[in-house]
Amino acid sequence: MIPHLQAIPLVLTYGGLAKDRRVSVEPISLKNSKKARLYYPQKSIKEKNPGIYFQHGMNHLGIDDQRITMLAESLAYSGFSVVIPELEDIKGLRFTLETIDDIEKLGKELTENKTWFDGKRFGYFSVSFSSGMGLVSFSRPSIANRIQSLMAVGTYCDFNDTYPFVFQNYKYDSYGVLILFYNYYDSLEPKIGKELKPVFFAAALDNANLRTGDDALYPKLLLKCSSVAQEVFQKLLNEESYRLEIGMAMKEKHPKSLIDSLSPANQIGGLQSPVSLLHGVADPVISPLEMQKLSMILKAKGHKFVARTSSALTHGDQLPLHTQILGVPALLETFGSFFQWLRN
């Protein structure tokens, strides 16, 4: 079967064209009491399905994010057992090297747990920064040979390049900038940063939940801060040159080794599984050029991969398929290849 055909059920369900997904959902027990959920086709035996480890992206709702639920159901409807574990660092919008370690540990745990999939065919799927960290994790010797297929949507290649792009696109989407300020501003200005940390977090949540005006949370928290902190915050939001200056200063405060450790560009030498890359043509958070750079690295290695851009998605959201029909073939090819490699 050609790859495109294998992805038709997913595109129909996630695009809202097939309403009844006929998927079973149940909790699954993991070590250290991590919250996790399993999705699989209702009429299937879960232990006979290929398995997908689906790592949610940076969103405070974690595995309860409705977009994550819809995509998990669509993946399961396509014939897979899908596990979504909740990682507190990612849910808490934190960039840490420990997250890469956690994904590695979960990969080992899930491949050793034979109760949720067939125990042989295992894949990893994620979006945005979580997908980049997953590429690093599954390149490590302990789990590189345990995975048959990997798909990364809207991922990054080099954090050194992604970082300034996020700031340059602030006017299109401020979410990424707010997350970076939340993570790193206190390393530059410890006292003011401590005051503003909950404000940055709330502002990121307001962005993610489309809360504005009286519904926004961050203005209420900002009023509790000192006048100096309030002034700094307003300058960061409203003055582009100041925002970029502070952003680059934050980056310089961290050693290059840390940035490199977060970057797939420097870490995927041990990757063994084929890779499917999909990126929104007009992604305002992570540039499509990141996918192109990653493709060049994989091509130079002689690695099996497919990479496509699509107008049917932006960064974290899909667009109505009937308005973006020209972007559908890229979805079919990338998801279809991911499925085919996993099933084989």
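Residues numbered from 1 in each chain as written. Predicted model: local features only at pLDDT ≥ 70, side-chain atom pairs only at ≥ 80, totals over all residues. Heavy atoms only, no water.

Participant: So what's going on with helix α11 (residues 227–238)? Which residues, and what values?
Facilitator: With 12 residues, α11 extends 16 Å from end C-alpha to end C-alpha; this agrees with the ideal 16 Å at 1.5 Å per step. Those residues of α11 that fall on the buried side of the exposure criterion are A229, V232, F233, L236 and L237. For α11, the angular spread of buried residues about the axis comes to 130°, placing them on one side. Exposed and facing more than 90 degrees away from the buried side of α11 are S227, E231 and N238. Looking at the buried residues of α11, the elements they touch are α8 (175–188), α9 (190–208), α10 (218–222) and α12 (240–252). (Helix = DSSP H or I, 4+ residues; strand = E, 2+ residues; numbered from the N terminus. Expected span 1.5 Å × (residues − 1). Buried < 20%, exposed > 50% of the residue type's maximum accessible area, 1.4 Å probe, protein only. Arc of directions from axis to C-beta. Contact = heavy atoms within 4.5 Å.)

Participant: Which residues make up the pattern of salt bridges, and what values do they have?
Facilitator: Counted under the stated rule, the structure contains 16 salt bridges. When the shortest N-O distance is used, the salt bridge between E104 and R140 registers 2.7 Å. Residue E104 is located in helix α5 (residues 97–112), and its partner R140 is located in the loop between α6 (128–137) and β6 (149–153); the two are separated by 36 residues in the primary sequence. Under the relative-accessibility criterion, E104 is labelled buried at 15%. Owing to a relative accessible area of 24%, R140 belongs among the partly exposed residues under this scheme. Several salt bridges share partner residues, and in doing so they unite K35, R37 and D64 into one network. (Salt bridge = Lys/Arg side-chain N within 4 Å of Asp/Glu carboxyl O.)

Participant: Residues and numbers for the nonpolar core, please.
Facilitator: Core analysis: the biggest nonpolar cluster contains 73 residues, and Y53, F138, F159, F181, Y185 and L196 have the highest contact counts within it. Here the element with the most residues in this core is α8; it accounts for nine residues. By size, the runner-up hydrophobic cluster in this structure holds 32 residues, among which are Y14, F54, V328 and A330. (Core = buried A, V, L, I, M, F, W, Y, C linked by side-chain atoms within 4.5 Å.)

Participant: So what about the sheet that holds strand β7 (residues 275–280)? Which residues, and what values?
Facilitator: Note on sheets: strands pair through backbone hydrogen bonds, and any given pair is parallel or antiparallel. With mixed pairing, eight strands are arranged side by side in an open sheet as β1-β2-β4-β3-β5-β6-β7-β8. Every interior strand has two partners, whereas the edge strands, β1 (23–27) and β8 (305–310), have only one. Averaged over neighbouring strand pairs, the angle between their axes works out to 15° when direction is ignored. Taken together, the six bridges between β7 and β8 define a ladder with parallel strand orientation. Paired with H279 across the two strands is T309, which belongs to β8. Packed on one face of the sheet, α5 meets β3 (51–55), β4 (81–85) and β5 (122–127) and runs near 155° to β3. (Pairing = 2+ DSSP bridges. Axes fitted to C-alpha atoms, helices over the stretch in contact; angles between N-to-C directions.)

Participant: Describe in detail the packing of aromatic side chains, supporting the description with residues and values.
Facilitator: Where two aromatic rings form a pair, the distance of their centres and the angle of their planes describe that pair. The final tally for this structure, using the stated rule, is 28 aromatic pairs. Both rings, one in F125 and one in F338, keep their centres 6.2 Å apart while their planes meet at 45°; by these two values the pair is tilted. Remark: F338 occurs in helix α15 (residues 328–343) and F125 occurs in strand β5; sequence separation between them is 213 residues. Considered together, F125 and F338 belong to a single accessibility category, that of buried residues. Through a chain of ring-to-ring contacts, three or more aromatic side chains come together here, namely F95, F129, Y156, F159, Y163, F167, F181, Y184, Y185, F200, Y218 and F233. The lysine or arginine in question, K235, covers the ring of Y242, its NZ or CZ lying 4.1 Å from the ring centre. (Phe/Tyr/Trp six-rings, centres within 6.5 Å; stacked < 30°, edge-to-face > 60°. Lys NZ or Arg CZ within 6 Å of the ring centre and 35° of its normal.)

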